[in-house]
Amino acid sequence: MTAIENGIALHGGFIPYGGTFLVFSDYARNAVRLGSLMHQRVIHVYTHDSIGLGEDGPTHQPIEHLASLRAMPHLSLWRPCDAAETAVAWIAAVERKDGPTALVLTRQNLPQQPRTDAQKAAIARGGYVLIESDGAPEAIVMATGSEIGIAADAVRALNSRGRRLRLVSLPSFDAFEAQDAAYRESVLPARVTRRLAVEAAASQSWWKYVGSAGRVLGIDRFGASGKGADLFAHFGFTPDNVIQEIERL
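Attention in this report is confined to the structure presented alongside it. (Residues numbered from 1 in each chain as written. Predicted model: local features only at pLDDT ≥ 70, side-chain atom pairs only at ≥ 80, totals over all residues. Heavy atoms only, no water.)

### A short note on a nonpolar patch on the surface
A surface patch of nonpolar side chains, amounting to about 360 Å² of accessible area, comprises Leu-10, Leu-34, Leu-37 and Met-38. Relative to the assigned elements, Leu-10 resides in helix 1 (residues 2-11). (Patch = residues over 30% accessible without salt bridge, like charges linked within 9 Å, V, L, I, M, F, W, Y side chains within 5 Å. Areas by Shrake-Rupley, 256 points an atom, 1.4 Å probe, with all protein chains shown as cover. Salt bridge = Lys/Arg side-chain N within 4 Å of Asp/Glu carboxyl O. Helix = DSSP H or I, 4+ residues; strand = E, 2+ residues; numbered from the N terminus.)

Here you go:
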């Protein structure tokens, strides 16, 4: 399928896209790599992006795949958290002419996050402040995809108790890293060293953002079979556990 998409892109006349579970990007990897190497305008739509897919179990639950695809040169990857971020990601994929794009989507229903017009405009920059603290932030929480809603509940709960926490949504690392240094510093100021990343996948991608003083709530083992909600609780992806992780900082 992915090889055919590359061929259609090379021929011209269409913007090809194809869809499968994220875990099956492994089977397509050589074609994804060749499309990236050739800078072809292809859109890979990957769904069922985490342990949230549930009873299919660890064979179908991607763990290392986000880190692996993020490491591929010329491949742009987006993991949106709701309809607004998905729409922006799709526009970015269609408008991109110098390489393929991977849209990594969840199976679960996700809550729509409230945003100002400025926040909506900032989505296209790959990373932006979704929830701001009351005053200078004492810690920064970062997340993507289905974990944004979980992190948002935790951040709002702690901020209501007097904490000063900033929540940053990072749907696209490569788009964020293409921004100028001043913008990146405005989102992730270097002076704030207490940082927590929350993503239901391998932690490897996140250490460059959280630093040695930070923490990553990720999954560095294979998944398990069970209902998606039960697995999120089992692996610690709940607002209560995120609150505990923040307080450990």
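### Side note on the nonpolar core
Core analysis: the largest hydrophobic core is formed by 59 residues, its most contacted members being Met-142 and Phe-237. With seven residues, the top contributor of residues to this core is helix 6 (residues 147-160). When near neighbours in sequence (up to four residues on either side) are disregarded, Met-142 contacts Val-168, Leu-170, Leu-188, Arg-195, Leu-196, Ala-197, Val-198, Trp-206, Tyr-209 and Val-210. Counting 12 residues, the second largest nonpolar core, distinct from the first, contains Leu-22, Tyr-46, Leu-75 and Leu-77. (Core = buried A, V, L, I, M, F, W, Y, C linked by side-chain atoms within 4.5 Å. Buried < 20%, exposed > 50% of the residue type's maximum accessible area, 1.4 Å probe, protein only. Contact = heavy atoms within 4.5 Å.)

### Overview of the packing of aromatic side chains
Tallying each qualifying case throughout the model produces nine aromatic pairs. Ring centres 5.5 Å apart and planes at 15° place the aromatic pair Phe-24 and Tyr-27 in the stacked group. For Phe-24, a relative accessible area of 25% translates into the label partly exposed. The class for Tyr-27 is exposed, based on a relative accessible area of 71%. Between Phe-173 and Tyr-209 the ring centres are 5.0 Å apart and the planes differ by 85°, which places this aromatic pair in the edge-to-face class. Note that Phe-173 is positioned in helix 7 (residues 173-177) and Tyr-209 in helix 9 (residues 207-210), a separation of 36 residues in sequence. Comparing Phe-173 with Tyr-209, the two get one shared label, buried. (Phe/Tyr/Trp six-rings, centres within 6.5 Å; stacked < 30°, edge-to-face > 60°.)

### Brief notes about the pattern of salt bridges
Should their charged atoms come close, side chains of opposite charge can pair. This model, assessed by the stated rule, comprises 13 salt bridges. Ionic pairing is found between Asp-98 and Arg-96, a salt bridge with its closest N-O pair at 3.4 Å. When its relative accessible area of 47% is taken as the criterion, Asp-98 is described as partly exposed.

### As for the pairing of strand 2 (residues 43-47)
Within strand 2, four of the five residues are buried, leaving the element largely enclosed by the surrounding structure. Of the strand pairs in this sheet, strand 1 (residues 17-21) and strand 2 are connected by five bridges, and their pairing is parallel. Within the sheet, the bridge partner assigned to Phe-21 lies in strand 2 and is Thr-47. Bridge analysis of strand 2 against strand 4 (residues 101-104) gives four bridges, and the strand direction is parallel. Looking across to strand 4, one finds that His-44 is bridged to Ala-102. (Pairing = 2+ DSSP bridges.)

Honestly, it's all geometry; don't read function into it.
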